[in-house]
Amino acid sequence: MERIDAGRWFRVRPVADGVTWIDEPYVKEFYRCNIWHLRGRERDLLVDSGWGVVSLRRHIPLVTEMPLVAVASHTHFDHIAGHHEFAERWVHRAEAAFLAAPTRDNTLVDPYVSDAVFDALPPEPFRSTTYCPKAAPATHLLEDGDVVDLGDRVLEVVHTPGHSPGGIALFERATGILFSGDIVYDGPLIEDCPGADADDYARSMHRLLALPVRVLHGGHFPSCSGDRLRGLIEAWLRARGA
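Everything quoted here is computed from the prediction, not taken from an experiment.

So, how was this worked out
- Residues numbered from 1 in each chain as written.
- Predicted model: local features only at pLDDT ≥ 70, side-chain atom pairs only at ≥ 80, totals over all residues.
- Heavy atoms only, no water.
- Pairing = 2+ DSSP bridges.
- Helix = DSSP H or I, 4+ residues; strand = E, 2+ residues; numbered from the N terminus.
- Axes fitted to C-alpha atoms, helices over the stretch in contact; angles between N-to-C directions.
- Buried < 20%, exposed > 50% of the residue type's maximum accessible area, 1.4 Å probe, protein only.
- Expected span 1.5 Å × (residues − 1).
- Arc of directions from axis to C-beta.
- Contact = heavy atoms within 4.5 Å.
- Core = buried A, V, L, I, M, F, W, Y, C linked by side-chain atoms within 4.5 Å.
- Left-handed = near helix turned anticlockwise from the far one by under 90°.
- Nonpolar A, V, L, I, M, F, W, Y, C, P; charged D, E, K, R; others polar.
- Right-handed = clockwise from strand over helix to strand, strands pointing away.
- Salt bridge = Lys/Arg side-chain N within 4 Å of Asp/Glu carboxyl O.

Caption draft 1: Spotlight on the sheet that holds strand β4 (residues 44–47). Strands sit in the order β1-β2-β3-β4-β5-β6-β7 across an open sheet of 7 strands; the sheet is mixed. The sheet terminates laterally at β1 (11–14) and β7 (140–142), the two strands that pair on one side only. Strand after strand, the sheet turns through a mean of 25° between neighbouring axes, direction not considered.

Caption draft 2: Unusual backbone geometry, seen in detail. Omega for the peptide link from Asp 110 to Pro 111 comes to 15°, which places this bond in the cis form. Structurally, Pro 111 can be placed in helix α4 (residues 109–112). Residue Leu 108 is not a glycine yet carries a positive backbone phi of 70°. Mapped onto the elements, Leu 108 comes out in the loop between α3 (96–100) and α4. A relative accessible area of 4% places Leu 108 in the buried class.

Caption draft 3: Examining helix α6 (residues 226–239) more closely. The end-to-end C-alpha distance of α6, which contains 14 residues, comes to 20 Å, matching closely the 20 Å that a straight helix rising 1.5 Å per residue would cover. Of all the positions in α6, only Gly 226, Leu 229, Leu 232, Ile 233, Trp 236 and Leu 237 are classed as buried. One side of α6 carries all its buried residues, which in axial view fall inside an arc of 130°. Structural note: α6 exposes Asp 227, Arg 238 and Ala 239 on the side pointing more than 90 degrees away from its buried face. The inward-facing, buried residues of α6 abut β11 (177–181), α5 (198–209), β12 (215–218) and β13 (224–225).

Caption draft 4: Local environment of the nonpolar core. By size, the foremost hydrophobic cluster in this structure holds 28 residues, and its most contacted members are Trp 9, Phe 10, Leu 46, Trp 51, Leu 56, Phe 118 and Tyr 131. Within the second largest apolar cluster, 25 residues are counted, among which are Leu 178, Tyr 185, Phe 221 and Ile 233.

Caption draft 5: Layout of the packing of α5 against α6. At a minimum axis separation of 10 Å, α5 and α6 run at an interaxial angle of 145°. Of the two elements, α5 crosses α6, and the hand of that crossing is left-handed. Residues Tyr 201, Ala 202, Met 205, His 206, Leu 208 and Leu 209 of α5 lie in contact with α6, whose contacting residues are Arg 230, Ile 233, Glu 234, Trp 236 and Leu 237. For the contact of α5 with α6, the per-class residue count stands at 8 nonpolar, 1 polar and 2 charged.

Caption draft 6: Examining the pairing of β11 more closely. Counted residue by residue, β11 has 5 buried out of 5 residues, so it is predominantly covered. The side-chain alternation of β11 yields two buried faces, one formed by Ile 177, Phe 179 and Gly 181 and the other by Leu 178 and Ser 180. A loop of 4 residues connects strand β10 (residues 168–172) with β11, the two strands running antiparallel in sequence, and Gly 176 in this loop sits at a positive phi of about 75°. Of the crossover connections in this fold, the one passing from β11 over α5 to the parallel β12 is right-handed.

Caption draft 7: Layout of the sheet that holds strand β9 (residues 154–159). The sheet built from 6 strands is open, its strands ordered β8-β9-β10-β11-β12-β13 with mixed pairing. Looking at which strands have only one partner, the edges of the open sheet turn out to be β8 (147–149) and β13. The strands touched by α5 within the sheet are β9, β10 and β11, with β9 carrying the most contacts at an inclination of about 150°.

Caption draft 8: Geometry of the pattern of salt bridges. Evaluation of the coordinates by the stated rule reveals 19 salt bridges. Measuring nitrogen to oxygen at the nearest pair gives 2.4 Å for the salt bridge that ties Glu 143 to Arg 93. On the criterion of sequence distance, the pair formed by Glu 143 in the loop between β7 and β8 and Arg 93 in the loop between β6 (88–92) and α3 is long-range, its members being 50 residues apart. Given a relative accessible area of 46%, Arg 93 falls into the partly exposed group. A salt bridge links Arg 230 to Asp 227, with the shortest nitrogen-to-oxygen separation between them at 2.9 Å. Here Arg 230 and its partner Asp 227 are both found in helix α6, 3 residues apart, which amounts to about one turn of the helix. Relative accessible area serves as the criterion here: at 24%, Arg 230 is assigned to the partly exposed category.

In structure tokens:
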């Protein structure tokens, strides 16, 4: 399979509201994490950091222009493998141990990662058989109800267990923007991976349904409107009698 040079690995697209969408287009869509950059007055926010197979700091100048806090929506490999590049690393307390000591097991590299999840491979020396995120111990532990303050923008931490024990969403009430991680997005959801819990999942869905969301930026697949999000959640709850 072809290998892609590092300079071509990422795709960067401004969306709106000071948000930039960064992703890795040579990863097949289902396995492709969305990396969200939000501009603030005093510091920027990075929600998740992708596969870590190419340096974000070296190849995406946007992430070095301001002081930045890298928040993990949860600690599955495709969301946290670039966190070690950043000085400020925030994660929910329930998954701090995984960020500090990631393994192929606790970050779900096994059984998901193989050459088959790529349309073209990352540059050398990547090998799917030995791939594992690097340790990135948290510098700050998050709890439900905490805030991420960027100076002129404030996002609320919403603990959303279900997909994983320490999953979080970030809600900017002033704009109605929700960064949801993997608990909900406009695509097939993963509800049966190790660490998932069906009852927690339903409770998290109910919490998100109650938020006045205008736009959803999920952990995978394209963004959607708040109305679309509410429709997705209501359909999910009906299908499960929840």
